Amino acid sequence: RMPESEACGAYLRTVSHPALIVFDLDGTLLNTLEDLANASNFALRSCGYNEHPIKDYIRFVGSGRYILMKRILPEEDKNNEEAIEKVLKLFDEYYGEHMHDTTKPYDGIYELIKELKIKNIKLAVVSNKPDEFAGETVNRYFGNDFEITYGQRPNHAVKPDPKTVYEVMEYLNVTKEECIYVGDSDVDMKTAQNAGVKSIGVAWGFRGEEELKSAGADYIIRTPQELVSLL
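Residues numbered from 1 in each chain as written. Predicted model: local features only at pLDDT ≥ 70, side-chain atom pairs only at ≥ 80, totals over all residues. Heavy atoms only, no water.

Q: Any chance you could explain the pairing of strand S6 (residues 179–183) here in plain terms?
A: It is a general feature of regular strands that their side chains alternate between the two faces of the sheet. The element S6 is extensively covered by neighbouring structure, given that 5 of its 5 residues are classed as buried. In the sheet, strand S1 (residues 20–23) pairs with S6 via 4 bridges, with the strands oriented parallel. From the neighbouring strand, Ile 21 faces S6, where its bridge partner is Ile 180. In terms of handedness, the path from S6 via helix H9 (residues 186–195) over to strand S7 (residues 198–202) forms a crossover that is right-handed. (Buried < 20%, exposed > 50% of the residue type's maximum accessible area, 1.4 Å probe, protein only. Helix = DSSP H or I, 4+ residues; strand = E, 2+ residues; numbered from the N terminus. Pairing = 2+ DSSP bridges. Right-handed = clockwise from strand over helix to strand, strands pointing away.)

Q: Would you explain the packing of helix H4 (residues 65–72) against helix H5 (residues 81–98) in this entry?
A: Each pair of packed helices can be summarised by the angle the axes make with each other and by the distance between the axes. Between H4 and H5, whose axes approach to 9 Å, the crossing angle comes to 115°. In this structure, H4 meets H5 at a crossing whose hand is right-handed. Contacts between H4 and H5 pair Arg 65, Tyr 66, Leu 68, Met 69 and Lys 70 from the former with Glu 81, Ile 84, Glu 85, Val 87, Leu 88, Phe 91 and Asp 92 from the latter. Among the residues forming the contact of H4 with H5, the class breakdown is 7 nonpolar, no polar and 5 charged. (Axes fitted to C-alpha atoms, helices over the stretch in contact; angles between N-to-C directions. Left-handed = near helix turned anticlockwise from the far one by under 90°. Contact = heavy atoms within 4.5 Å. Nonpolar A, V, L, I, M, F, W, Y, C, P; charged D, E, K, R; others polar.)

Q: Sorry, what's going on with helix H7 (residues 131–142) here?
A: In an α-helix, one full turn covers 3.6 residues, which means residues spaced three or four apart are oriented alike. The first and last C-alpha atoms of H7 sit 16 Å apart over 12 residues, in line with the 16 Å expected at 1.5 Å per residue. Taken together, the buried positions of H7 are Phe 133, Ala 134, Thr 137, Val 138, Tyr 141 and Phe 142. Projected down its long axis, H7 carries its buried residues within an arc of 125°, all on one side. Those residues of H7 that are buried are in contact with strand S2 (30–31), H5, strand S3 (104–105), helix H6 (109–118), strand S4 (122–130) and strand S5 (148–152). (Expected span 1.5 Å × (residues − 1). Arc of directions from axis to C-beta.)

Q: Got a minute to help me understand the pattern of salt bridges in this structure?
A: Any two side chains of opposite charge can pair, given that their charged atoms come close. In the structure shown here, the tally under the stated rule is 17 salt bridges. Ionic pairing is found between Asp 92 and Arg 65, a salt bridge with its closest N-O pair at 2.8 Å. In this pair, Asp 92 is assigned in helix H5 and Arg 65 in helix H4, connecting sequence segments 27 residues apart. As a salt-bridge pair, Asp 186 and Lys 190 come within 4.0 Å of each other at their nearest N and O atoms. With a gap of 4 residues between them, Asp 186 and Lys 190 both fall in helix H9, about one helical turn apart. A relative accessible area of 38% means that Lys 190 is categorised as partly exposed. Beyond isolated ion pairs, a larger network of salt bridges with shared partners links Asp 186, Lys 190, Arg 207 and Glu 211. (Salt bridge = Lys/Arg side-chain N within 4 Å of Asp/Glu carboxyl O.)

Q: Would you take a moment to explain the packing of aromatic side chains for this structure?
A: How two aromatic rings sit relative to each other is given by the distance of their centres and the angle of their planes. If you walk through the whole model with that rule in mind, you get 7 aromatic pairs. For the pair Tyr 57 and Phe 60, a centre-to-centre distance of 5.2 Å together with 85° between the ring planes defines the contact as edge-to-face. Placement of the pair is Tyr 57 and Phe 60 together in helix H3 (residues 57–60), with a separation of 3 residues, close to one helical turn. Side by side, Tyr 57 and Phe 60 carry an identical accessibility label, which is buried. With a centroid separation of 5.4 Å and an interplanar angle of 70°, the aromatic rings of Phe 142 and Phe 146 are classed as edge-to-face. Three or more aromatic residues joined by ring pairs make a cluster, and in this case those are Phe 23, Tyr 110, Phe 142 and Phe 146. For Arg 140, the ring lying beneath its charged end belongs to Tyr 141, and the centroid distance is 5.9 Å. Positioned over the ring face of Tyr 150 is Arg 153, at 4.1 Å from the centre of the ring. (Phe/Tyr/Trp six-rings, centres within 6.5 Å; stacked < 30°, edge-to-face > 60°. Lys NZ or Arg CZ within 6 Å of the ring centre and 35° of its normal.)

Given below as structure tokens:
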């Protein structure tokens, strides 16, 4: 296996102008951790459960809000559907009203999006955030910069299932060879692998560089500008 930089560089030289970059949302484009933690802790508190420190949510988030609720509940209730649904309902209500309290783009993200748009690269978001929240969030922070946004939808498998990435490629008429997936977690890297596209991990996100390395990221970047440089 080539060193990470050479492997990614070789790939990007063969696709020097990728047609599509698909981004994860939470932990990749936006720092949403505190708002997610606050909504989760509100749900726990309202049901009489102990809350978790915000930093602990780094390992709780990333697999959709149903799994998030299971992870934050005490051991005896992790498989209690009634308890899961109760905290989930409270989470949705609170998060729907407070999801922009502290959320903001990571430094350099707006500049990155501008550069990619100048290069006429199609941009999309595939997230495990509920679809209605994902769409509203992308529209609020990025307007029409993204061609399409998919969040978690009823009767659709969450990442790392690759079907939503396939939907995006089909909708935008892009092949696997022309697509790159960018995210911050092992779930994102596995999503890219399952979809058969190259992956770029962002070290500034929730999970960090070691997880991305272990998950087999084709390349890891430490600033948004590095992605522009690669292209």
